[in-house]
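# Residue-level structure breakdown
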Amino acid sequence: YEPTWRSLDARPLPAWFDEAKFGVFIHWGVFSVPSFGSEWFWWYWQKEKREPYVNFMKANYPPDFSYEDFGPLFTAEFFDPNQWADILKASGAKYVVLTSKHHEGFTLWGSKYSWNWNAVDVGPKRDLVAELAASVRNRTDLHFGLYHSLFEWFNPLFLEDAANVFKTRKFPTSKSLPELYEIVTKYQPEIIWSDGSGNAPDTYWNSTGFLAWLYNDSPVRDSVVTNDRWGVGSICTHGGFYTCSDRYNPGHLLPHKWENCMTIDRRSWGYRRDAQLGDYLTIEDLVKQLVETVSCGGNLLMNIGPTHDGRIAVIFEERLRQMGTWLEVNGEAIYGTKPWRAQNDSLAPEVWYTFSPKGTVNAIFLNWPVSGTLELGEPQAKPGETQVKLAGYNELLKWVALGEKGLIIALPQLTPKQLPCQWGWTLQLTAVN
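Quantities reported herein were computed from a predicted structural model and do not represent experimental measurements.

Another point: the packing of helix α11 (residues 283-295) against helix α12 (residues 314-330). Taken N-terminus to C-terminus, the directions of α11 and α12 make an angle of 55°; their axes are 10 Å apart at the nearest point. On the basis of the axis angle, α11 is oblique to α12. Along this stretch, α11 crosses α12, giving a crossing that reads as right-handed. Here I283, L286, V287, L290 and V291 of α11 come into contact with α12, specifically with R319, Q322, M323, W326 and L327. Of the residues assigned to the contact of α11 with α12, the class counts are 8 nonpolar, 1 polar and 1 charged.

Below, the structure written as C-alpha cells:
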C-alpha cells in the first residue's frame, strides 16, 4: 500500500471484524479519579472553566491542586485483568478496545515518549495495557484493540504546533507517532481506534504514512483493522471502518462497513461517581441498539468506564452479562450475518432482519405481541417449504401466507419462565424468497 488515501482505502477490511458484530469499549485513565461529569474533566475545568467543574474542585481539593496531582491517585489496586477478561467473555463480545491514551496524554503503558505521565511511573506502577492484553488472549477468543488519541489538550509541543497553524510538526514526530509505533510493536493490537484530530489535517499527523507501515510491515499487517479518525476531513470518508460520529446509528443500510460506538452511561464515556440509575441504558435499550446496528451492516462498540481503583462497576458488569445471556440464545442471528434486502419490517417496524450465510432469514422482534401472532410484511413464503422456528424453542411454528408478500406467524403460548430469553426474540425463517 502506498501512503495515499486512495491506496489505503482500497485495502479489504479483514473479515473477522464484520463477523464479530459486537465489541466492548473501555474508557480508563486519570479522568477516572475525579470521576465527575465526564472524561473531558480537565478540559472543562481548566480550559472552559465550566461552573460545575470549578465548584467541584473548590469544594473538594486545595486551591493549588492541579490535574497532574490526580495521577498518583489513579491507583488500580482492585484491577484484576483475569476478572475483566472473564466479564468480557461472558458479555458475548468478540473484541475489546482499551483507551491506551486519552486526550489527557496519560498512557496506560510505560511509554518512553510519555515520561512520568504513564501508569508505570505514576499511580498503579503497572503496565495496564500489557496485563489486560495477556488476560484477554489467555482466557478468551476476543480480538484485542487499542484506542489512541492523536492530540493532547495541554501538551506544550502540540499547543506550539497549533499556534503555528500546524506548519510545524514537533508534536506528531516526537510524541504521537512514536507512541503509535510503540503500541503496535509491543502489544500487536488487532484494532487501532484513532481519535482526537485536534483540528489538524491528516498531513500534520502523517496518518497515511503510519497506516501504510501498519498495513505493509507491522506485525499485525494481515489482521489489523482501523477506524476513520485520522485528522480533519477523514471521518466517515477514509480508513478501515467508519464511525462517522459518536453514538452513530443511521437506521438504514450503509454501503461501507461502520461501527456504532456508544455508552451504557448516556452522559459520559468515563466512570462517573455522580451517575443516577436513570443515566444508564437498560438491557432492553442495549439489545435494541445491537439489533438495529447489525441489521444495517454495522458493529456495536458498547462502552464501560472502570473506576480509578480498577473495578468494573456492578451495573456495567450486569449489563455485559445480560447481553451475553441474550446472545447465547440469539447469537446465530447476530454473529457472521449479513444485512438482508429489508432492514426492518414494513408492517412491524419493531422487527429487524439479518441474513445467515446458511440461508436463514432472521426476524428479530423486540416486543412479544399480546395477540400471540406476529404479522410480517417482508418475507415471501413458499407454501409447503417455508419453515419458521423461534430461537431457543424446539418446535416448528405455524404460519399463514399474506397474499404475495408477508405472513402471519402463531407464536407459542409460553409462560415468562418458559420463554427462551428476555428482551428480544428471533424467528428463523428458512426457504423464503
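A few words on the sheet that holds strand β13 (residues 407-410). As summarised here, the arrangement of the 3 strands in space is β10-β13-β12, forming an open sheet in which the pairing is antiparallel. Single-partner strands in this sheet number two, and they are β10 (373-376) and β12 (399-401). Sheet twist, expressed as the average angle between the axes of neighbouring strands with direction ignored, equals 15°. Where β10 lies against β13, 4 bridges are found, and the strand directions are antiparallel. Of the residues in β13, the one forming a bridge with T373 is A410.

Let us look at α12. Taking 1.5 Å per residue as the helical rise, α12 with its 17 residues ought to reach 24 Å, and the 24 Å between its terminal C-alpha atoms agrees with that figure. Where α12 is concerned, the buried positions are I315, F316, E317, R319, L320, Q322, M323, G324, W326, L327 and N330. Contacts made by the buried residues of α12 are with β1 (22-26), α5 (81-90), α11, β7 (298-304), β9 (361-365) and β14 (425-430).

Looking now at the domain arrangement of the chain. Each assigned domain of the chain is listed here: domain 1 (5-333) and domain 2 (338-430). If you look at the interface, domain 1 gives 19 residues, while domain 2 gives 21 residues. Overall, the association of domain 1 and domain 2 removes approximately 1700 Å² of surface from exposure, summing both partners, and the carbon and sulfur fraction of that is 67%. Here K338 and D18 are joined by a salt bridge, their closest N and O atoms 2.8 Å apart. The interface formed by domain 1 and domain 2 includes 5 residue pairs in polar contact (both at pLDDT 80 or more).

Let us look at the pairing of strand β3 (residues 143-149). Counting buried residues in β3 gives 7 out of 7 residues, a clear majority hidden from the surface. Because side chains alternate across β3, one face comprises the buried residues H143, G145, Y147 and S149, and the other comprises F144, L146 and H148, equally buried. Note that strand β2 (residues 95-101) and β3 share 6 bridges and pair parallel. Directly across from L98, in β3, lies its bridge partner L146. Following the chain from β2 across helix α6 (residues 128-139) to the adjacent parallel β3, one finds a crossover that is right-handed. Examined bridge by bridge, β3 and strand β4 (residues 191-195) share 5 bridges and lie parallel to one another. If you follow S149 over to β4, its bridge partner there is D195.

In this structure the tally under the stated criterion is 55 aromatic pairs. With centroids separated by 5.9 Å and ring planes inclined at 50°, the aromatic side chains of F41 and W45 adopt a geometry described as tilted. Note that F41 and W45 are positioned in helix α3 (residues 41-47) at a spacing of 4 residues, about one turn of the helix. Residue class for W45 comes out buried when judged on its relative accessible area of 10%. Here F166 and Y204 contribute two aromatic rings whose centre-to-centre distance is 4.8 Å and whose plane-to-plane angle is 55°, an arrangement assigned as tilted. Taken as a pair, F166 in the loop between α7 (156-163) and α8 (170-187) and Y204 in helix α9 (residues 202-205) lie far apart in primary sequence, 38 residues in all. Each member of the pair, F166 together with Y204, is buried. Over the ring of Y335 we find K94, and its NZ or CZ is 4.6 Å from the ring centre.

Under the UniProt annotation, the feature "domain: Alpha-L-fucosidase C-terminal" (unreviewed entry) is placed at residues 343-430. Between the C-alpha atoms that bound residues 343-430 the distance is 17 Å, and the span itself is 0% helix and 35% strand.

Another point: the pattern of salt bridges. What the rule picks out here adds up to 23 salt bridges. Salt-bridge contacts for E378 lead to R341; the nearest nitrogen and oxygen are separated by 3.0 Å. Of this pair, E378 sits in the loop between β10 and β11 (387-390) while R341 sits in the loop between α12 and β8 (351-355), placing them 37 residues apart in sequence. Residue E378 is classed as buried on the basis of its relative accessible area, which comes to 11%. Accessibility expressed as a relative area gives 44% for R341, which makes it partly exposed.

Rules behind the numbers
- Residues numbered from 1 in each chain as written.
- Predicted model: local features only at pLDDT ≥ 70, side-chain atom pairs only at ≥ 80, totals over all residues.
- Heavy atoms only, no water.
- Axes fitted to C-alpha atoms, helices over the stretch in contact; angles between N-to-C directions.
- Helix = DSSP H or I, 4+ residues; strand = E, 2+ residues; numbered from the N terminus.
- Parallel < 35°, antiparallel > 145°, perpendicular 65-115°, else oblique.
- Left-handed = near helix turned anticlockwise from the far one by under 90°.
- Contact = heavy atoms within 4.5 Å.
- Nonpolar A, V, L, I, M, F, W, Y, C, P; charged D, E, K, R; others polar.
- Pairing = 2+ DSSP bridges.
- Expected span 1.5 Å × (residues − 1).
- Buried < 20%, exposed > 50% of the residue type's maximum accessible area, 1.4 Å probe, protein only.
- Domains from an automatic or database assignment.
- Buried area = accessible area lost by both parts, 1.4 Å probe.
- Salt bridge = Lys/Arg side-chain N within 4 Å of Asp/Glu carboxyl O.
- Polar contact = N/O pair within 3.5 Å; in protein donor to acceptor, adjacent residues only side chain to side chain.
- Right-handed = clockwise from strand over helix to strand, strands pointing away.
- Phe/Tyr/Trp six-rings, centres within 6.5 Å; stacked < 30°, edge-to-face > 60°.
- Lys NZ or Arg CZ within 6 Å of the ring centre and 35° of its normal.
- UniProt positions renumbered as here; feature names shortened; annotations may be inferred.

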